[in-house]
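# An overview of the molecular structure
Residue strings, one per chain:
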Amino acid sequence: MPGTFQESYAQDMAIFRTPLQWGMLGLFLIVLFTCPLFCSDRILTIMTMIGIAIISVHGLNILTGYCGQISIGHVGFMAVGAYISAILTAKLGWPFWVALPCSGLAAGMAGLIFGLPSLKIKGFYLIMATIAAHFIIIWVVLHLRSLTGGADGLTVPKPKIGSLVFMSKASYFYLVMVIACLATFLAVNIGRSRVGRAFVAIRDNDLAAEVMGVNLWSYKLQAFFIGCVYAGVAGSLLVHYYGFASVDQFPFMDSVWYLGMLIVGGMGSTTGAILGAVALKLLDELVTVVGPVLSAAVAAQAAASLALITRGLILMLFLIFEPRGLAHRWGMIKAYYRLWPFSHEESE
Amino acid sequence: MNFFLQLVVTGLALGMVYALVAIGFVIILKCSNAFNIAQGHFVLIGGYLGYTFLVPFGLPIWASLILAIAVAVVMGLLIERLAIRPLVGQPELAMIMMTIALATVLEGLATLIWGGEYKTYHGVLPTVTLKLGQISIPPESLIGLIVSVVTVALLMALFRYTKIGLAMRATAEDLQVVQSVGIKATTVYAVSWVIACVVGVIGGMLLGGVSGVMIPLAEIGLKAFAVVLLGGVNSIGGAIVAGIILGVLENVAAGYLDPLLPGGGLAQIFPFIVMIIVLIFRPYGLFGLVRIERI
């Protein structure tokens, strides 16, 4: 009989069950962390950006994918984390390793405030509340000129832990990747824990969940808090990377785009969040490469419109043809490989 | 007092614009239970269409209007057939994301075709400026008022007296029952998207004639959602009333509070603050139906 059999509870619950999976993980981590040795700075920049996006999308996945609370204000919460971190390090001179968790906590708090309406509303109404959250946050940032520099932005020092300064692209790559790996590990385990199960119950039917004894009030706010902590950390990493914080780094459409990553990747799946972030960030890179060529060949505005149209079309195509996202397709490929040469599992 | 009245009147104008966008949104929602984020982008396209037909083509107003409506009908049919119909029966989020994607594509198309530039055709449309004492009534409010009233009257008649209108309301209520009595749901969906497109495009043409067309015109759609929520998502009359309330409130609040706040700009987020408050205290709005849920 082929197959892997679980003989104990611990085995059944393990994320990595076979030596092959452990080997793949080890190989992946080795390749990932030796990237700076053989990759150009440009590729490292792209990968750093992907890492930051992955952290952010993990947060959105917990909030939207697991708990079903759709948020189109995610970038607003990133901005909260970013500005808190920027103000703490630039104005108060706090060390980066203190400011980073603080930025996560601050964004989480903001998430709690704007998550309050979620106790009474859902679906479209909640989307509207999160859109409102985005615009209110950005407005507040613009108007607290003495703290945030308003529209002029704020210069942020490069992060520094002890005597180690993350100046080079490679060192920042390591910083982001370590945090991204930790974030992924946490996200996987949140999804498997009691909290994660409660989130899924709320997503599938909140009334039924409440009847079963899931405390909606507590868990919905927890989802907002956790999701926004991720956003805050990602925002902090983003502005420290650029060495500059400005509201232009947090446009409203990016919130939509993070949700797009989640849909392309697959809702409610940690793998999906990673796949979606990687796929769409790479698509963005492709557009920035192709755009100027097209602009020169067709018309000046072609580049700007190309980005918008490809984004929209990709989202549309995924919604129609692959609504469960890349993670589902990936699962099917894995199942096919596992079952080959048979095409079906007996139980299905 | 004059300052206050002027603020109210300008607010009325703004409210009418909000209401126009909100009506299109409510129609889609009433008929196909889809929340259409792209409504503001229909307005944007309408504005650019108005510019194209009036300025480079140099057509008379009535011909431009007919052509713009024709384009809107085609656009509505295409959108419904290609983007919306495949998603019938999918979760609510899928439909919302689809309209967001639609908005992105429409914005991209507008950038591609018209370069995303500021276009204006001020003076081509007849504008009337009335003065009541010391208060001047901006032309937007008159045009907006007339168009809104006509649109609402037509739509109310449609929903109350025509067969397709009744079918639309029934479809919103229960898709399965409607199909079982032999109403073609696809026709109903197509008609509702066509109507929303036409309303949006007409609104955009009028708005464009007053304030010019540019990509941020689409953002009026986002603000109009506050109107929709305040009025209740499934009430056309509510959209009008809420539009006026919100427009006036926004203007008065901005007029009195902006000097007190450093930097001002309260008008930009005022609808959103109202939105949050409405969502917390009265999620179904002033005139909306309270949805009863069963497990």
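Let us look at the structure shown here. No experiment lies behind these values; they were computed from the predicted model shown.

Cut-offs used in this document
Residues numbered from 1 in each chain as written. Chains lettered and ligands numbered in written order. Predicted model: local features only at pLDDT ≥ 70, side-chain atom pairs only at ≥ 80, totals over all residues. Heavy atoms only, no water. Axes fitted to C-alpha atoms, helices over the stretch in contact; angles between N-to-C directions. Helix = DSSP H or I, 4+ residues; strand = E, 2+ residues; numbered from the N terminus. Left-handed = near helix turned anticlockwise from the far one by under 90°. Salt bridge = Lys/Arg side-chain N within 4 Å of Asp/Glu carboxyl O. Buried < 20%, exposed > 50% of the residue type's maximum accessible area, 1.4 Å probe, protein only. Patch = residues over 30% accessible without salt bridge, like charges linked within 9 Å, V, L, I, M, F, W, Y side chains within 5 Å. Areas by Shrake-Rupley, 256 points an atom, 1.4 Å probe, with all protein chains shown as cover. Contact = heavy atoms within 4.5 Å. Buried area = accessible area lost by both parts, 1.4 Å probe. Polar contact = N/O pair within 3.5 Å; in protein donor to acceptor, adjacent residues only side chain to side chain. Nonpolar A, V, L, I, M, F, W, Y, C, P; charged D, E, K, R; others polar. Expected span 1.5 Å × (residues − 1). Phe/Tyr/Trp six-rings, centres within 6.5 Å; stacked < 30°, edge-to-face > 60°. 1 Å grid on protein atoms, 1.4 Å probe; cavity = no way out; pocket = protein on both sides within 12 Å on 5 of 7 lines; lining within 4 Å. Points joined across faces, edges and corners; volume = space filled by probe spheres on them. Parallel < 35°, antiparallel > 145°, perpendicular 65-115°, else oblique.

## Describing the packing of helix H1 (residues 2-32) of chain B against helix H10 (residues 236-257) of chain B
Where H1(B) contacts H10(B), the axes come no closer than 6 Å and their chain directions differ by 145°. Crossing hand, H1(B) versus H10(B): right-handed.

## Re the pattern of salt bridges
All names here are of chain A. Within the structure shown, the criterion is met by 7 salt bridges over all chains. Across the pair Asp 152 and Arg 145 runs a salt bridge, and its minimum N-O distance is 3.1 Å. On the basis of relative accessibility, which here comes to 48%, the residue Arg 145 falls in the partly exposed class. Residues Arg 203 and Asp 204 are paired through a salt bridge, measuring 3.2 Å at the closest nitrogen-oxygen approach. Here Arg 203 falls in the partly exposed class, since its relative accessible area comes to 35%.

## Regarding a nonpolar patch on the surface
All names here are of chain B. Together, Met 1, Phe 3, Phe 4, Leu 5, Tyr 256, Leu 257 and Leu 260 give the surface a local cluster of nonpolar side chains, amounting to about 730 Å² of exposed area. Residue assignment for the nonpolar patch shows that the elements contributing at least two residues are H1 and H10. Top element by residues in the nonpolar patch is H1. It accounts for 3 residues. Residue classification places Tyr 256 among the partly exposed positions, given a relative accessible area of 40%.

## With respect to the interface of chain A and chain B
In this assembly, 44 residues from chain A lie in contact with 49 residues from chain B. Both faces considered, chain A and chain B share a buried interface measuring about 4,000 Å² in area, 83% of it formed by carbon and sulfur atoms. Interface area lost by chain A to chain B is led by Phe124(A), Tyr125(A) and Trp139(A), which between them contribute 19%. On inspection of chain A and its partner chain B, the count reaches 0 salt bridges. On inspection of chain A and its partner chain B, the count reaches 0 residue pairs in polar contact (both at pLDDT 80 or more). Secondary structure elements with two or more residues in the side of chain A that touches chain B: helix H6 (124-143), helix H10 (206-211), helix H12 (252-265) and helix H14 (302-321) of chain A. Broken down by class, the residue content of the side of chain A that touches chain B amounts to 34 nonpolar, 7 polar and 3 charged.

## With respect to H14(A)
Each full turn of the α-helix corresponds to 3.6 residues, which orients residues three or four apart in the same direction. Over its 20 residues, H14(A) runs 27 Å from end to end, which matches the ideal 28 Å to within 8%, given 1.5 Å per residue. When H14(A) is considered as a whole, its buried residues turn out to be Ala302(A), Ser305(A), Leu308(A), Ile309(A), Arg311(A), Gly312(A), Leu315(A), Met316(A), Phe318(A) and Leu319(A). Tucked inside the fold, the buried residues of H14(A) contact H12, helix H13 (270-297) and helix H15 (325-339) of chain A together with helix H3 (61-84) and helix H4 (92-114) of chain B.

## Side note on the environment of Leu289(B)
Residues and elements named next belong to chain B. Within the secondary structure, Leu 289 is located in the segment after helix H11 (266-281). Judged by relative accessible area, which is 61%, Leu 289 ranks as exposed. Along the backbone, Leu 289 and Phe 42 are 247 residues apart, and their C-alpha atoms lie at a distance of 26 Å. Beyond its immediate stretch of four places on either side in the chain, Leu 289 contacts Asn 234 and Tyr 284.

## A closer look at the packing of aromatic side chains
Residue and element names in this part refer to chain A. Enumeration over the complete set of coordinates arrives at 13 aromatic pairs over all chains. Their ring planes at 5° and their centres at 6.0 Å tell us that Phe 33 and Tyr 174 sit as a pair that is stacked. Taken together, the residues span a long stretch of sequence, with Phe 33 in helix H2 (residues 19-38) and Tyr 174 in helix H8 (residues 169-192) at a distance of 141 residues. When its relative accessible area of 31% is taken as the criterion, Tyr 174 is described as partly exposed.

## A closer look at empty space enclosed by the protein
Here the structure, examined in full by the defined rule, presents 2 cavities of 30 Å³ or more. In this structure, the second largest cavity encloses a volume near 40 Å³. Met253(A), Val256(A), Trp257(A), Arg311(A), Gly312(A), Leu315(A) and Thr104(B) together form the lining of the second largest cavity. If you list the elements that add at least two residues to the lining of the second largest cavity, you get H12 and H14 of chain A. Of the residues in the lining of the second largest cavity, the class split is 4 nonpolar, 2 polar and 1 charged.

## Brief notes about the layout of surface pockets
Size it by volume and the second largest pocket reaches roughly 870 Å³. Secondary-structure elements contributing two or more residues to the lining of the second largest pocket are H6 and H12 of chain A together with helix H2 (39-54), H4, helix H9 (219-231) and H11 of chain B. When grouped by side-chain class, the residues that make up the lining of the second largest pocket number 25 nonpolar, 8 polar and 3 charged.

## Some details on the packing of H14(A) against H4(B)
Remark: H14(A) packs on H4(B), axes separated minimally by 8 Å, with the N-to-C direction vectors making an angle of 155°. By the angle between their directions, the pair H14(A) and H4(B) is classed as roughly antiparallel. Handedness of the crossing formed by H14(A) with H4(B): left-handed. Contacts between H14(A) and H4(B) involve Ala302(A), Ala304(A), Ser305(A), Leu308(A), Ile309(A), Arg311(A), Gly312(A), Leu313(A), Leu315(A), Met316(A), Leu319(A) and Ile320(A) from the former and Ala94(B), Met97(B), Met98(B), Ala101(B), Leu102(B), Thr104(B), Val105(B), Glu107(B), Gly108(B), Leu109(B), Thr111(B) and Leu112(B) from the latter. For the contact of H14(A) with H4(B), the per-class residue count stands at 17 nonpolar, 5 polar and 2 charged.

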